[in-house]
Amino acid sequence: MAHLLIISSLLLQSVVGLCSLPAPVNVTIDSLNLEHILKWDPGPGTPTEAQYRAEYFHFIKNTWSPVRTCLRVTSPRQCDLTEEFKVISSFYVGQVQAFTELEISNWSVSNVFHPSSDTVLGPPELAVSGCGNCLRLQISPPKGKRMHRFLEFHHRFKYICEVLRLRDGSKFTVQVVASDKDIIIEYLEPGTEYCITAKMQTVFTRHSQTSQPCCAFTSPEPVNTVPVTLGLMSLAILLTALVCGSFFCHGLSSSLKKRLPWVLASMSSSTATPHCVAAEAYSMADVVQDNMKESFSSKSLDPKEEEETVREENEGYGYLVGEANTSTLTTFP
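Here's what I pulled together on the structure shown here. (Residues numbered from 1 in each chain as written. Predicted model: local features only at pLDDT ≥ 70, side-chain atom pairs only at ≥ 80, totals over all residues. Heavy atoms only, no water.)

1. Things to note about the overall build of the protein chain
If you tally the helices and strands in the protein chain, you get seven helices and 16 strands. When burial is assessed residue by residue, the protein chain has 27% of its 333 residues classed as buried. Put simply, of all contacts in the protein chain between residues at least 6 apart along the chain, 63% involve residues at least 24 apart. Of the roughly 22,800 Å² of accessible surface on the protein chain, a fraction of 59% belongs to carbon and sulfur atoms. (Helix = DSSP H or I, 4+ residues; strand = E, 2+ residues; numbered from the N terminus. Buried < 20%, exposed > 50% of the residue type's maximum accessible area, 1.4 Å probe, protein only. Contact = heavy atoms within 4.5 Å. Areas by Shrake-Rupley, 256 points an atom, 1.4 Å probe, with all protein chains shown as cover.)

2. Quick look at the sheet that holds strand 11 (residues 158-165)
Strands belonging to one sheet form pairs held by backbone hydrogen bonds; the direction of such a pair is parallel or antiparallel. What the four strands build is an open sheet, ordered 12-11-14-16; its pairing is antiparallel. Where the open sheet ends on each side, the last strands, each with one partner, are strand 12 (171-177) and strand 16 (214-217). Pairs of neighbouring strands in the sheet enclose a mean axial angle of 30°, with direction left out of account. (Pairing = 2+ DSSP bridges. Axes fitted to C-alpha atoms, helices over the stretch in contact; angles between N-to-C directions.)

3. Here's the deal with the side chain of T46
Tracing the backbone through its elements, the reader meets T46 in the loop between strand 2 (35-41) and strand 3 (51-58). In this structure T46 comes out as buried when scored by relative accessible area, which is 15%. Among the polar contacts listed, one links the side chain of T46 to the backbone oxygen of G43, at a separation of 2.7 Å. Contacts of T46, omitting those with residues within four sequence positions, involve P22 and Y52. (Polar contact = N/O pair within 3.5 Å; in protein donor to acceptor, adjacent residues only side chain to side chain.)

4. Structural notes on the side chain of S105
With respect to the element layout, S105 can be found in the loop between strand 6 (92-99) and strand 7 (108-109). Among the polar contacts made by the side chain of S105, one reaches the main-chain amide nitrogen of A98 at a distance of 2.8 Å. Apart from the residues within four sequence positions on either side, S105 is in contact with L21, P22, A23, P24, Q97 and A98.

5. Structural notes on the state of the cysteines
Considering all chains together, one arrives at three disulfides under this definition. What pairs with C131 in a disulfide is C134, and their sulfur atoms sit 1.9 Å apart. The class of C131 is partly exposed, set by a relative accessible area of 25%. Here C134 falls in the buried class, since its relative accessible area comes to 9%. Each disulfide pairs two cysteine sulfurs, and for C195 the partner residue is C215, the sulfurs being separated by 1.8 Å. Here C195 and C215 share a disulfide; its torsion about the S-S bond, 100°, makes the bridge right-handed. With a gap of 20 residues between them, C195 in strand 14 (residues 193-201) and C215 in strand 16 connect regions that are remote in the sequence. Using a relative accessible area of 7% as the deciding quantity, one classes C195 as buried. Here the protein chain pairs its bonded cysteines, counted in sequence order, in the arrangement 1-2, 3-4, 5-6. Counting only cysteine sulfurs, C215 is the nearest neighbor of C214, a cysteine outside any disulfide, at a range of 6.9 Å. (Disulfide = S-S within 2.5 Å.)

6. A short note on the sheet that holds strand 9 (residues 125-130)
In spatial order, the strands read 9-10-13; together these three strands make up an open sheet with antiparallel pairing. The sheet terminates laterally at strand 9 and strand 13 (183-185), the two strands that pair on one side only. Across the sheet, the axes of successive neighbouring strands diverge by a mean angle of 25°, strand direction being ignored. Pairing geometry for strand 10 (residues 135-140) and strand 13, over three bridges, is antiparallel. Considered in strand 13, the bridge of L135 is made with I185.

7. Here we look at the pattern of salt bridges
Inspection of the entire model under this criterion finds five salt bridges. As a salt-bridge pair, K39 and D30 come within 3.5 Å of each other at their nearest N and O atoms. A relative accessible area of 33% places K39 in the partly exposed class. Classification of D30 by relative accessible area gives partly exposed; the value is 36%. (Salt bridge = Lys/Arg side-chain N within 4 Å of Asp/Glu carboxyl O.)

8. Things to note about the nonpolar core
Soluble globular proteins tend to bury their nonpolar side chains together. Membership of the largest hydrophobic core comes to 23 residues, with the highest contact counts inside it found for L137, I139, C161 and I196. Those elements that place two or more of their residues in this core are strand 9, strand 10, helix 3 (147-153), strand 11, strand 13 and strand 14. It is strand 14 that contributes the most residues to this core, four residues altogether. With 17 residues, the next largest nonpolar core counts C70, L81, Y92 and A98 among its residues. (Core = buried A, V, L, I, M, F, W, Y, C linked by side-chain atoms within 4.5 Å.)

9. Notes on the pairing of strand 10
Residues L135, L137 and I139 point to one face of strand 10 and are all buried, whereas R136, Q138 and S140, pointing to the other face, are not buried. Judged from the six bridges that link them, strand 9 and strand 10 form a sheet pairing that is antiparallel. Across the sheet, residue E125 finds its bridge partner in strand 10, namely S140. Hairpin connection between strand 9 and strand 10: a loop of four residues separates the two successive antiparallel strands, and G132 in this loop has a positive phi of roughly 95°.

Here you go:
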């Protein structure tokens, strides 16, 4: 009988020796957009050569099933359960065990996980544009290889949009039903910049991420026309000054090109080397005599008329001689 007790105690010690590895800790299931990852940390004192295997429990089937892609995990210490958690409305549990060639650890179990409500929805894709006194929003669900399952399960969901007016920091929240059409937020201040953030909300999902702010003006940003106006005015003044200056120069050149008096014109048309001609003195009597010779040569008179003419000329000659003694006539070539 004593021998049996000794043998049984030795068997128990051997079994305890096989389970001497520390169990993994911090076993959790992280899920983003229905992509589920089982994560854990090694227990204190776990050797570096230790490996890990994972299993999951499906409450509908009521059985533990090994994850075929996570039978000998080394690094990183995680396991993808996306393909195993196919029914997003069901409940699941994951567990992890460490092992070496000679030792194993106890199983460490995660919390109960419900894919539809425990997954975290990422930020939706958002685009904003102005439409006068309103904003036009284009929102679509986040991208993910399993999001089509989520959209099939949640036929109707909402977007919670927070509208922030940058001018004074005032904000308000709008809830809109998701659809393929653009979302219009009306009754806003024209020409004002607003920033919009959005996140998804469903009946079952408790966690969702908010998008980055997307900013836009309700209408085009007012343009400062003062520099343009000043530039146009300066250009107009410059053109006016140029036109007036050209007219002035044209008038001045035209006045300089007027015809000179005949005396100056005759002098300018003379030879390049100007010269002076000495004035010749003529008596008035010589002038009268030359005129009389021309008159007599041009016409013939009767004897009586000739006598009278001679007498008149002699009388005038006596008068002209007196005057001619004090006069000279200067001519220019």
